[in-house]
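In case you want the letters, here they are:
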Amino acid sequence: RLLSRHLFPEGPDKTVNEHETKIRKAYLLFKNAPVPSADLQVGRQRFKDSREWLYDKNLDAVALFVNGVFMDTELSVSTNLIDPSGPEDDIVNYILYVTDHSSLKDKISFYGMVRHDGKRAELDPLFLGASWRGRSIKRQKFWLDTASVFGHDGPKRLMGYGVDMGWTSRVNLFKQTSLTFGYALGSGDKNRRDDLDRNFRQTG
């Protein structure tokens, strides 16, 4: 992606020009490797779940996808090698994502993610969670995301949890009209003086 911005903060006689070159995707995909029903993908690729609860980012990764009859498994190691721009890009992600697709209208997934900061050895959060996407009732859509976080952030131990749930219903008032209800909750930390941080944090 090539991006050029021409800004006029103080009128047409004073301009600020900004240019950016960014690699969005560039990967090799090896089908049926290293074994049949498995795919190996290497390079810059998109990490995104349907509701962006877990991740939504382009990262440099080695990812293995195993496609089963009733279950798909994704195992990956990812970071930002091509164009790091901040401390967040020093983190390496280890992700295991398993999805049960035995039902045509409901999808249940379980995941684990470890984030390790190479420059801060004391930062190593572990995320464990599950998600459900439901369409078993006509014109209705449901979702549920849950996660727990453990590990360490400096001298503090991490122990938090979060929940995000909702329901969308299509109604017949107008064409393509829908009504959505949602609720989200994250744990908090009442005592900041001890060595246990109960605040929920997402993966970043």
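It should be noted that the structure appears before, not after, this text.
Residues numbered from 1 in each chain as written. Predicted model: local features only at pLDDT ≥ 70, side-chain atom pairs only at ≥ 80, totals over all residues. Heavy atoms only, no water.

This part takes up the overall build of the chain. Of the regular secondary structure elements, the chain holds zero helices and 13 strands. When the helices and strands of the chain are listed from N to C terminus, the series reads β-β-β-β-β-β-β-β-β-β-β-β-β. Against the 2.2 N^0.38 benchmark of 17 Å for 204 residues, the chain shows a C-alpha radius of gyration of 21 Å, more extended than a compact globule. Principal-axis analysis of the C-alpha atoms gives the chain an extent of 60 × 50 × 45 Å. When burial is assessed residue by residue, the chain has 30% of its 204 residues classed as buried. (Helix = DSSP H or I, 4+ residues; strand = E, 2+ residues; numbered from the N terminus. Rg over C-alpha atoms; globule rule 2.2 N^0.38 Å. Buried < 20%, exposed > 50% of the residue type's maximum accessible area, 1.4 Å probe, protein only.)

Right, let's talk about a nonpolar patch on the surface for a bit. Together, Leu28, Phe30, Val42 and Val62 make up an exposed nonpolar region whose accessible area comes to about 340 Å². Tracing the backbone shows Val62 in strand β5 (residues 56–67). Relative accessible area serves as the criterion here: at 45%, Val62 is assigned to the partly exposed category. (Patch = residues over 30% accessible without salt bridge, like charges linked within 9 Å, V, L, I, M, F, W, Y side chains within 5 Å. Areas by Shrake-Rupley, 256 points an atom, 1.4 Å probe, with all protein chains shown as cover. Salt bridge = Lys/Arg side-chain N within 4 Å of Asp/Glu carboxyl O.)

A word on the pattern of salt bridges. Pairing is possible between side chains that carry opposite charge, provided their charged atoms lie close to one another. Using the criterion set out here, one finds 14 salt bridges in the structure. The shortest N-O distance in the salt bridge between Asp164 and Arg51 comes to 3.3 Å. Taken together, the residues span a long stretch of sequence, with Asp164 in strand β11 (residues 156–171) and Arg51 in the loop between β4 (38–48) and β5 at a distance of 113 residues. Residue class for Asp164 comes out buried when judged on its relative accessible area of 15%. Its relative accessible area of 32% is what places Arg51 among the partly exposed residues.

Here the focus is a positive patch on the surface. A grouping of Lys105, Lys138, Arg139 and Arg170 is seen on the molecular surface, where their side chains present a positively charged patch. Within the secondary structure layout, Arg170 lies in strand β11. Taking the relative accessible area as the measure of exposure, Arg170 reaches 40% and is therefore partly exposed. (Lys, Arg positive; Asp, Glu negative; His and termini not counted. Charge placed at Lys NZ, Arg CZ, Asp CG, Glu CD.)

Looking at the element boundaries, Ser131 is found in strand β9 (residues 126–134). Residue Ser131 is classed as buried on the basis of its relative accessible area of 6%. What Ser131 contacts, discounting residues up to four positions off in sequence, is Tyr97, Lys107, Ile108, Ser109, Leu144 and Asp145. (Contact = heavy atoms within 4.5 Å.)

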